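Below, each chain spelled out in residue letters.
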Amino acid sequence: MTVPATKKDFMIVNMGPHHPSMHGVLRLIVTLDGEDVIDCEPILGYLHRGMEKIAENRTIIQYLPYVTRWDYLATMFTEAITVNAPEQLENVQIPKRASY
């Protein structure tokens, strides 16, 4: 960021995290000089919903709807990770039909 030598009273505003139209998550750190935007630092993929804390008091089946909402574009992948990891850790044998 280039700071002008004459002005020193900048305002740094945290905009987000919010969901733009593509359902991705975005956080913007904006540096303002009055109404003029001096600098904008985009942080992509920022997600803070306290998901880990929510998961502490739920079973995997109860937690699965929360996982689905992490990434609207890849819901099946996040669900598969959430379900497959405990199955592999516990050596749970799932029916062949369920593996498809």
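This text follows the structure it describes.
Residues numbered from 1 in each chain as written. Predicted model: local features only at pLDDT ≥ 70, side-chain atom pairs only at ≥ 80, totals over all residues. Heavy atoms only, no water.

Packing of helix α2 (residues 60-68) against helix α3 (residues 75-89) brings their axes to within 9 Å, and their N-to-C directions diverge by 155 degrees. Judged by the angle between their axes, α2 and α3 are roughly antiparallel. Relative to α3, α2 is oriented so that their crossing is right-handed. Contact residues: α2 offers I60, Y63, L64, V67 and T68, while α3 offers T75, T78, E79, T82, V83 and P86. Grouping the constituent residues of the contact of α2 with α3 by class yields six nonpolar, four polar and one charged. (Axes fitted to C-alpha atoms, helices over the stretch in contact; angles between N-to-C directions. Helix = DSSP H or I, 4+ residues; strand = E, 2+ residues; numbered from the N terminus. Parallel < 35°, antiparallel > 145°, perpendicular 65-115°, else oblique. Left-handed = near helix turned anticlockwise from the far one by under 90°. Contact = heavy atoms within 4.5 Å. Nonpolar A, V, L, I, M, F, W, Y, C, P; charged D, E, K, R; others polar.)

Right, let's talk about the pattern of salt bridges for a bit. Opposite charge on two side chains lets them pair, provided their charged atoms get close. Inspection of every chain in the model, using the stated rule, returns one salt bridge. Among the ionic pairs, K53 bridges to E56, the shortest N-O distance being 3.1 Å. K53 sits in the exposed class, given a relative accessible area of 56%. For E56, a relative accessible area of 53% gives the class exposed. (Salt bridge = Lys/Arg side-chain N within 4 Å of Asp/Glu carboxyl O. Buried < 20%, exposed > 50% of the residue type's maximum accessible area, 1.4 Å probe, protein only.)

A few words on the pairing of strand β2 (residues 26-33). Across the eight residues of β2, six count as buried, placing the element largely inside the fold. Relative to strand β3 (residues 36-44), β2 runs antiparallel, the two being bridged by eight bridges. Bridge pairing links R27 to I43 in β3. Joining the antiparallel neighbours β2 and β3 is a turn of two residues, in which G34 adopts a positive phi near 70 degrees. (Pairing = 2+ DSSP bridges.)

Coordinates in, geometry out; function isn't part of it.
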